[in-house]
Amino acid sequence: MALKRVGAPVPSPDGKWVVFDCVDVDLEKDTKISHLWIVPAAGGESRRLNETPNHEERPRFSSDGKRLIWTSKSTEPTQIWMCDFDSASGALVGKPHQVTSISTGADGAIWSPDGKNIVFVSAVYPDCKDDSCNKQRDEELKKSKVKAKIFTKLFYRHWNAFTEFKRSHLFVISADARAVRSTDILSVGPAGVSPAESQPPDKMSGGPTGKMPVPRDLTPGDHDVPPFSLGGQDMYAISPDGQEVAYTSNIDEVEATSTNNEIFIVPITGGAPKKISISPGADTTPLYSPDGKYLAWRSQARAGFEADKWRLLVQDRQSGKTRDLTKKFDRSVGSFAWLPESQWLNFCAEDHGESPIFGVALAGGEPVGGGPPLHADDLVVTTSGAFTSFHQCA
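Rules used in this analysis
Residues numbered from 1 in each chain as written. Predicted model: local features only at pLDDT ≥ 70, side-chain atom pairs only at ≥ 80, totals over all residues. Heavy atoms only, no water. Pairing = 2+ DSSP bridges. Helix = DSSP H or I, 4+ residues; strand = E, 2+ residues; numbered from the N terminus. Disulfide = S-S within 2.5 Å. Buried < 20%, exposed > 50% of the residue type's maximum accessible area, 1.4 Å probe, protein only. Salt bridge = Lys/Arg side-chain N within 4 Å of Asp/Glu carboxyl O. Axes fitted to C-alpha atoms, helices over the stretch in contact; angles between N-to-C directions. Phe/Tyr/Trp six-rings, centres within 6.5 Å; stacked < 30°, edge-to-face > 60°. Lys NZ or Arg CZ within 6 Å of the ring centre and 35° of its normal.

Undergrad: Sorry, what's going on with the sheet that holds strand E16 (residues 236-238) here?
TA: Two orientations exist for strands paired in a sheet by backbone hydrogen bonds: parallel and antiparallel. A sheet is described by the order of its strands in space; here four strands give the open sequence E16-E17-E18-E19, paired in antiparallel fashion. Across the chains shown, the open sheet's two edge strands, defined by having one partner strand only, are E16 and strand E19 (274-275). Direction of pairing for E16 relative to strand E17 (residues 244-249): antiparallel, over a ladder of three bridges. Looking across to E17, one finds that Ala237 is bridged to Ala246.

Undergrad: When you look at the state of the cysteines in this model, what are you seeing that I'm missing?
TA: A covalent bond bridging the sulfur atoms of two cysteines is what the word disulfide describes. Within the structure shown, the criterion is met by one disulfide. Put simply, Cys128 and Cys133 are joined by a disulfide, and their sulfur atoms are 2.0 Å apart. The sign of the S-S torsion, about -60 degrees, decides the handedness of the disulfide formed by Cys128 and Cys133: left-handed. Using a relative accessible area of 11% as the deciding quantity, one classes Cys128 as buried.

Undergrad: Would you take a moment to explain the pattern of salt bridges for this structure?
TA: Where charged atoms of side chains with opposite charge meet at close range, the side chains can pair. With the rule as written, the count across this model stands at 15 salt bridges. Residue Glu51 pairs with Arg48 through a salt bridge whose shortest N-O separation is 3.9 Å. A salt bridge links Asp224 to Arg167, with the shortest nitrogen-to-oxygen separation between them at 3.1 Å. Here the residue Asp224 occupies a position in the loop between strand E15 (216-217) and E16, and Arg167 occupies one in strand E14 (residues 167-174), the gap between them amounting to 57 residues. No difference in accessibility class separates Asp224 from Arg167, as the two residues are buried. A cluster of three or more residues bridged by salt bridges with shared partners is formed by Lys153, Arg167, Asp222, Asp224 and Glu255.

Undergrad: Help me out: how do you make sense of the sheet that holds strand E20 (residues 283-288) in this one?
TA: The strand order across the open sheet built from four strands is E20-E21-E22-E23, with neighbouring strands paired in antiparallel fashion. The open sheet has two edge strands, E20 and strand E23 (322-324), and neither has a second partner. Here the strands of the sheet are splayed against their neighbours by 25 degrees on average, with no regard to which way each runs.

Undergrad: Help me understand the packing of aromatic side chains, please; the structure alone is not making it clear to me.
TA: The relative placement of two aromatic rings is captured by the distance of their centres and the angle of their planes. All chains considered together, the criterion is met by ten aromatic pairs. Ring centres of Phe61 and Phe85 lie 5.1 Å apart, and the angle between their planes is 75 degrees; this geometry places the pair in the edge-to-face category. Here the residue Phe61 occupies a position in strand E6 (residues 56-61), and Phe85 occupies one in strand E8 (residues 79-86), the gap between them amounting to 24 residues. The exposure classification of Phe61 matches that of Phe85, with both residues buried. Ring geometry for Phe347 and Phe358: centres 5.6 Å apart, planes at 15 degrees, overall stacked. Highlighted residues: Phe347 in strand E25 (residues 344-349) and Phe358 in strand E26 (residues 357-361), separated in sequence by eleven residues. Per residue, the accessibility class of Phe347 equals that of Phe358, and both read buried. An aromatic cluster is present here, built from Phe151, Tyr156, Phe162 and Phe165 joined pairwise through their rings. When the ring centre of Tyr125 is taken as reference, the NZ or CZ atom of Arg137 above it lies at 4.3 Å. Here the guanidinium or amino end of Arg298 rests over the ring plane of Trp310, the centre of that ring lying 4.2 Å away.

Undergrad: Looking at this structure, how should I read the pairing of strand E10 (residues 107-111)?
TA: In summary, the side chains of a regular strand alternate between the two faces of the sheet. With four of its five residues buried, E10 lies for the most part within the structure. Where E10 hands over to strand E11 (residues 117-124), the hairpin turn is made up of five residues, of which Gly115 adopts a positive phi near 75 degrees.

These values are about where atoms sit, not about what they do.
Next comes the structure, spelled out in structure tokens:
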């Protein structure tokens, strides 16, 4: 229990630093609190990045490495926070500020590669059209003397938690947004193209009028985006030009008996989604190539078979042609990452009790690698290609 639990490492884009979350267990207080840590990529002493008693996790760098976002429990529910980052010293610059203020909480944030927007996950009531509706519904449940739960369909429970009639949805908000709080009221104008140009700038940015920033729901409806999972690589991604979001969802009528997760794409400005996967089995974890020409994801061929082999598929975004890069590879693909030149992918695969790193060319051919012995996961490659980070079990 005295050991710190290290989370998935995230390298800075220039390859100089690695930021990670680390959980401290306090047996006397019966708590587990995560904090942000940083260590030089070349090796050295780790140190706390943000000295705060608040629970913080899931750090993510902007593509230029000048800003960092993370999930914080300094508020209830959790929200996304941000701060400037100085790569020369490996330190946060200035005071962190709250980006989101959605009543249902925010988590799982990722940057658009152009640095203009942030996409995050929040569990909402599928029939609610705005945050005030969600807030009202939550308050009504808390005040109600009736605590019984009535479910008319599966799923109603995941492991040790009820679904609470909510669906996880993807939201987008301007990266310049600031939640209006008494301790953090700054006037910030919109930068570049806002994901909601039809709305007044202050509604997206929390600008001079003092209105709360309003995120846009990209995946409305009675389906989970992303679907329930036990961790691993993100099930959604943003295209390099910042104009499109790819995500995973299961829209089968009885999802409790289905493994048919599919890959969809939707404009970051919102609109009708388009399904691009065709496998009757599970398709998940989409990831765009750095040059924006391809979209890769993991896929299973057989419907209803959770233990089927995970393949690595790549689709040409212009022609729509999809290829299996691991057709002759007799291992299941785990987490994967594109290399900067978009001609090669690295991935993990379980092999004789280990999970070494393999590589495969976009052009095709047998995957190579597999040594030395290690158990790697959560692959991340810097934009410069100078550093690859992974999470290893020790």
